[in-house]
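# Coordinate analysis (summary)
Chain by chain, the residues run as shown.
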Amino acid sequence: MNSFGHLLRVTTFGESHGPAIGCVLDGCPPGIAIAPEDFAHDLARRATGKTRHTSARHEADEVEILSGVYEGVTTGTPIALLIRNTDQRSRDYSAIAAQFRPGHADYSYWQKYGIRDPRGGGRSSARETTMRVAAAVIARKWLGQRGVTVRGCMTQIGDVVPRAHDWSAVEGNPFFWPCAEQVSELESYMDALRKSGDSVGARVLVVADGVPPGWGEPIYGKLDGELAAAMMSINAVKGVEIGDGFASVASRGSEHRDVMTPAGFLSNHAGGILGGISTGQQVSVSVAFKPTSSLRLPVQGLDVDGNVVDVVTTGRHDPCVGIRATPICEAMLALVLMDQALRHRAQCGDVGEVAPRIAGTTSITDTKR
Ligand code: EPS
């Protein structure tokens, strides 16, 4: 499947070294103002080639709006967005075209289809995530008009964790790191890693504020279930946590329950979701990225005929794909939330809010895990 979402349905297409990548956003309500230049900011946050810590591929990532927008506003018809690829260097992949990089989707794509586009990883490339971020620019606008905002940061790279959590630091460094005083350490860490030829994993936290109670569908359309699926669909993701996530295993029910008082919830261990439905608290999702598998460090592996070969990947690879992942996780959070909002409106639009809303805690100390 190359589509996700129900009432807001996103389909992406294209390969990393093909002529273009694109998406179709179907089910988007009419009347949202959108122009090609609106995409630039978020696409630049995700793009390669901006700092020495990510892949050196330089893509302009200019969005062409092919349909669904008339005189600057969405019309309710499918919105098709296209970005032309301009900086493919396919010769980097000729030596490994018939080999499997250990830890890469090369092997599973080959087993599934019996054919694959090896140039830049083809469809399995992180290039595909560009279109999720583009689609989410529209979702974020729609959510913003309803008081819902989405933001994210990196909360671990390798074994390094932030010493402080300051949202205002996040956009001021190439790592989306919430502790400004650690940035130079991270620069040195990444420089040493890049020189070693190895890669490292990362953890990204994304949160949504202003989500009203009621979004999410029991049983099979749970908000947390769909968020987990959405995050897991991002390249290199190996883990997703909602709220306290796996730390919940070691906690007691008496600690984990988020007590309600007339002044508001006292904590947010549940990550803003109970029974698959938003509570009105901050929705928090933590995402684990594995280390990039495309390494110039040689390793013994197999080719498509089963011969043992030395696999060496040349080219412009990210030593930590998680460094560019914050905008991608934000995008998936926004797209899932908008879809769930439309679904809630469709089923329960007449009901309105039935109970008084309990103020949510939004403190990062409740949700930073
Ligand atoms: C990627 C490998 C590199 C990255 C690419 C993701 O591709 P290439 O070898 O063609 O330079 O540059 O990321 C992007 C192009 C992007 O826009 O995110 C991979 O193997 O996933």
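Now for a description of the structure that goes with this document. The shown structure was predicted, so the numbers you read here are calculated from the model rather than taken from an experiment.

A separate point is the overall build of the chain. Along its length, the chain carries eight helices and 17 strands. What you see for the chain is a C-alpha radius of gyration of 21 Å, in line with the 21 Å of a compact globule of 369 residues. In terms of principal-axis extent, the alpha carbons of the chain reach across some 65 × 50 × 35 Å. Taking all 369 residues of the chain together, the buried fraction comes to 51%. Of the contacts made within the chain by residues no fewer than 6 positions apart, 73% connect residues no fewer than 24 positions apart.

Structurally, Thr54 can be placed in the loop between α1 (40-46) and β4 (63-67). Contact partners of Thr54, with chain neighbours within four places excluded, come to Ala47, Thr48, Gly49, Asp318, Pro319, Ile323 and Arg324.

In this section: the side chain of Ser267. When you line up the elements, Ser267 lands in the loop between β12 (264-265) and β13 (273-274). Its relative accessible area of 10% is what places Ser267 among the buried residues. Of note is the side chain of Ser267, whose polar atom sits 2.7 Å from the side chain of Asp258.

In terms of nonpolar packing, the biggest core is built from 59 residues, with Met231, Val285, Leu333 and Leu337 touching the most fellow members. The set of elements that each furnish at least two residues to this core consists of β3 (20-26), β7 (79-84), α3 (129-144), β9 (202-209), α5 (223-232), β10 (237-242), β15 (283-289) and α7 (326-348). For this core, the leading source of residues is α7, giving twelve residues. Ignoring sequence-local partners within four residues, the contact set of Leu333 consists of Val150, Val206, Val207, Ala208, Leu227, Met231, Val283 and Val285. In terms of nonpolar packing, the next biggest core, distinct from the first, is built from 14 residues, Val160, Leu186, Val200 and Ile323 among them.

What follows covers unusual backbone geometry. Most peptide bonds adopt trans geometry, and most residues besides glycine take a negative phi value. For the bond from Pro218 to Ile219, the omega torsion is 0 degrees, close enough to zero to count as cis. Counting through the fold element by element, Ile219 comes out in the loop between β9 and α5. Residues other than glycine seldom take positive phi values, yet Ala236 does so here, at roughly 75 degrees.

Here we take up the pairing of β7. The element β7 is extensively covered by neighbouring structure, given that five of its six residues are classed as buried. Where β3 meets β7, six bridges bridge the pair, whose relative direction is antiparallel. For Cys23, the partnering residue across the bridge sits in β7 and is Leu81. Bridge count between β4 and β7: four bridges; the pairing is antiparallel. When the bridges of β7 are listed, Glu64 appears paired with Leu82.

Across a sheet, strands are paired by hydrogen bonds formed along the backbone, either parallel or antiparallel in direction. One open sheet holds the four strands; their spatial order is β8-β9-β15-β10, and the pairing between them is antiparallel. At either margin of the open sheet sits one strand with a lone partner, and together these are β8 (149-157) and β10. The mean angle between the axes of side-by-side strands here comes to 20 degrees, regardless of whether they run parallel or antiparallel. Pairing analysis gives eight bridges linking β8 to β9, with the strands arranged antiparallel. Each residue of the ladder has a partner; that of Val150, found in β9, is Ala208.

The next thing to look at is the sheet that holds β4. The five strands are arranged β1-β2-β3-β7-β4 in an open sheet whose pairing can be described as antiparallel. Each having just a single partner strand, β1 (3-4) and β4 make up the two edges of the open sheet. Set on the sheet, α3 makes contact with β2 (9-14), β3 and β7; between it and β3 the angle comes to about 35 degrees.

Near the ligand lie 13 residues; those nearest to it are His17, Arg46, Ser55, Arg57 and Tyr93. Note that an oxygen atom of the ligand is positioned 2.7 Å from one of the side-chain N or O atoms of Arg57. Arg324 places a polar side-chain atom, nitrogen or oxygen, 2.8 Å from an oxygen atom of the ligand. Against a free-state accessible area of 470 Å², the protein chains account for coverage of 94% of the ligand. The residue makeup of the shell around the ligand, split by class, is two nonpolar, six polar and five charged.

With that settled, the discussion passes to the packing of α3 against α7. Following both chains from N to C, one finds α3 and α7 inclined at 50 degrees, their axes separated by 8 Å at the closest point. Judged by the inter-axis angle, α3 sits oblique to α7. You can see that α3 and α7 cross each other, and the crossing is left-handed. The segment α3 lies against α7, with Thr129, Arg132, Val133, Ala135, Ala136, Ala139, Arg140, Trp142 and Leu143 engaging Pro327, Ile328, Glu330, Ala331, Met332, Ala334, Leu335, Leu337, Met338, Ala341, Leu342 and Arg345. Per-class residue counts for the contact of α3 with α7 are 16 nonpolar, one polar and four charged.

With that settled, the discussion passes to the packing of aromatic side chains. Evaluation of the coordinates by the stated rule reveals three aromatic pairs. Aromatic rings pair up to connect Phe100, Tyr107 and Trp110 into one cluster. One Lys or Arg, Lys112, reaches over the ring of Tyr113 and ends 5.6 Å from the middle of that ring. When the ring centre of Trp142 is taken as origin, the NZ or CZ atom of Arg146, which lies over that ring, is 3.9 Å away.

Reading the values: rules and limits
Residues numbered from 1 in each chain as written. Predicted model: local features only at pLDDT ≥ 70, side-chain atom pairs only at ≥ 80, totals over all residues. Heavy atoms only, no water. Helix = DSSP H or I, 4+ residues; strand = E, 2+ residues; numbered from the N terminus. Rg over C-alpha atoms; globule rule 2.2 N^0.38 Å. Buried < 20%, exposed > 50% of the residue type's maximum accessible area, 1.4 Å probe, protein only. Contact = heavy atoms within 4.5 Å. Polar contact = N/O pair within 3.5 Å; in protein donor to acceptor, adjacent residues only side chain to side chain. Core = buried A, V, L, I, M, F, W, Y, C linked by side-chain atoms within 4.5 Å. Pairing = 2+ DSSP bridges. Axes fitted to C-alpha atoms, helices over the stretch in contact; angles between N-to-C directions. Near = heavy atom within 4 Å. Areas by Shrake-Rupley, 256 points an atom, 1.4 Å probe, with all protein chains shown as cover. Nonpolar A, V, L, I, M, F, W, Y, C, P; charged D, E, K, R; others polar. Parallel < 35°, antiparallel > 145°, perpendicular 65-115°, else oblique. Left-handed = near helix turned anticlockwise from the far one by under 90°. Phe/Tyr/Trp six-rings, centres within 6.5 Å; stacked < 30°, edge-to-face > 60°. Lys NZ or Arg CZ within 6 Å of the ring centre and 35° of its normal.

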